[in-house]
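In case you want the letters, here they are:
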Amino acid sequence: MHIAEGFLPPAHAIAWGVASAPFVVHGVRSLTREVREHPESTLLLGASGAFTFVLSALKLPSVTGSCSHPTGTGLGAILFRPPIMAVLGTITLLFQALLLAHGGLTTLGANVFSMAIVGPWAGYAVYRLLRRYDVPLMVAVFFGAFVADLSTYCVTSVQLALAFPDPSSGFLGALGKFGSIFAVTQIPLAVSEGLLTVIVMRLLVQSSKGELARLGVLLTKAGKSSTDEPEAVAR
Amino acid sequence: MSRNAKINALLLLAVAALAVLPLVLGLGDHKEEPFAGADAEAETAITEIEPDYEPWFSPLYEPPSGEIESALFALQAAIGAGVLAYYFGLRRGRRQGEERTAAALRGAPGED
């Protein structure tokens with residue numbers, strides 16, 4: 001999903017940067033508030049960022065005969081809500097743009113928009129929806145991570161199709177072209193990301209029950225309307 | 001192996017299978033350059049749609065070779081994996097410590 005440096009026309013690059021900036025600023029505020037109010041979260045925040053670091057470095061082969069990588073943003077979005085992932089995702093993208101010539105500074109806004117904003121929000125929405133209908137935690141986590149991953153690549157396809165509409169078939173023709181490169185390749189990888197996120201969540205359930213209850217991922221025994229754990233309900 | 005560990009191992013196996021199957025089945029054989037990066041394919045598609053397009057900015061730093069690039073990717077994965085391992089190791093150690101303290105408190109006070 002990394003649009004390479006200089007590969008978006010200046011107007012598009014600026015527009016995506018403007019669109020992403022408020023989300024990242026809001027995310028930085030949420031992150032500092034979370035760390036100030038719950039210093040014990042810092043470790044798990046670090047682990048969520050680390051998960052994104054690992055997964056976005058893993059280039060995996062796919063059924064289309066090309067390689068791509070997962071995003072790892074679903075986990076953090078489910079644990080800490082999407083605004084935090086706008087920051088952690090941006091840090092990952094900056095690392096890759098500056099050191100790996102992967103993505104770029106001019107395309108950072110567009111890449112942040114797909115991987116650090118739309119992906120986490122879409123995944124989080126699906127996760128919350130499934131949880132509302134009492135779908136088991138791990139099933140909801142799987143689909144949350146799956147959607148966070150796949151939606152990121154769909155957004156990238158739209159961004160490129162907007163910037164480079166096909167001369168004969170227009171926006172839709174280009175969308176089909178970029179979609180077949182990105183979105184189709186991504187389907188099995190999104191399944192992998194869903195499974196890996198489930199593994200990490202299972203390990204967290206084993207090791208960090210208290211933390212997950214505070215974040216509202218695990219419900220307290222009294223159930224949804226528990227009053228002695230107001231935070232679990234507020235989330 | 002506990003039931004939990006077995007389920008995790010099966011999940012990992014599924015991930016590995018998803019990664020290996022495209023290679024084993026030769027799904028990249030129809031391509032000039034099998035299993036190239038999707039990002040690079042998108043760049044090619046852009047130049048197909050708009051042959052005159054010139055990237056107007058180039059990376060500030062570019063790894064001088066494929067080896068350096070893969071080293072930096074490995075570094076990225078290693079940093080992430082290291083932090084994750086630290087987190088889970090710390091949690092496990094803390095939990096064991098708490099259990100041991102609780103057991104010691106329950107046991108005879110003179111026991112050392």
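Residues numbered from 1 in each chain as written. Chains lettered and ligands numbered in written order. Predicted model: local features only at pLDDT ≥ 70, side-chain atom pairs only at ≥ 80, totals over all residues. Heavy atoms only, no water.

## Quick notes on the domain arrangement of chain B
What counts, and what does not: For the domains described, the bounds stem from an automatic or database domain assignment.
Here chain B is partitioned into domain 1 (1-58) and domain 2 (64-112). Each of domain 1 of chain B and domain 2 of chain B has a C-alpha centre, and these two points are 31 Å apart.

## Some remarks on the packing of helix α6 (residues 137-163) of chain A against helix α7 (residues 170-207) of chain A
Residues and elements named next belong to chain A. Note the following rule: Lines are fitted to the C-alpha atoms to define the axes, a helix being fitted only along its stretch in contact, and any angle between axes, read from their N-to-C directions, falls within 0 to 180 degrees. Only runs of H or I of at least four residues qualify as helices and only runs of E of at least two qualify as strands under DSSP, and these elements are numbered from the N terminus. In this scheme, roughly parallel covers angles under 35 degrees and roughly antiparallel covers those over 145, while 65 to 115 is roughly perpendicular and the rest are oblique. Crossing handedness is read from the near helix: turned anticlockwise from the far helix by less than a right angle, it gives a left-handed crossing, and turned clockwise, a right-handed one. Just so you know the grouping, Ala, Val, Leu, Ile, Met, Phe, Trp, Tyr, Cys and Pro go in nonpolar, Asp, Glu, Lys and Arg go in charged, and all remaining residues, Gly too, go in polar.
In contact at an axis separation of 6 Å, α6 and α7 are set at 155° when each is read in the N-to-C sense. Classified by the angle their axes make, α6 and α7 are roughly antiparallel. Note on packing geometry: the crossing formed by α6 with α7 is right-handed. A class-by-class count of the residues in the contact of α6 with α7 yields 27 nonpolar, six polar and three charged.

## Let's talk about the interface of chain A and chain B
Heads up, the condition is: In what follows, residue pairs with any heavy atoms lying within 4.5 Å of each other are defined as contacts. Accessible area that two parts lose when put together, with a 1.4 Å probe and added across both, is what the buried area reports. Counted as salt bridges are all cases of a side-chain nitrogen of Lys or Arg within 4 Å of a carboxyl oxygen of Asp or Glu. If DSSP finds at least two bridges between two strands, the strands pair.
In this complex, chain A contributes 66 residues to the contact, which on the side of chain B involves 56 residues. Between chain A and chain B the total buried area reaches about 5300 Å² when both faces are included, carbon and sulfur atoms providing 72% of it. Where chain A packs against chain B, one counts one salt bridge. Of the charged contacts, one joins K177(A) and E48(B) as a salt bridge, the two residues approaching to 3.2 Å between their closest N and O atoms. Of all elements in the fold, only α1 (10-37), α2 (42-57), β1 (60-61), β2 (66-68), α4 (82-99), α6 and α7 of chain A reach the threshold of two or more residues within the side of chain A that touches chain B. The greatest single-element share of the side of chain A that touches chain B, amounting to 18 residues, is contributed by α7(A). For the side of chain A that touches chain B, the residue count by class is 43 nonpolar, 17 polar and six charged. Bridge count between β2(A) and strand β1 (residues 36-37) of chain B: two bridges; the pairing is parallel. Counted as the bridge partner of C67(A) is G37(B) from β1(B).

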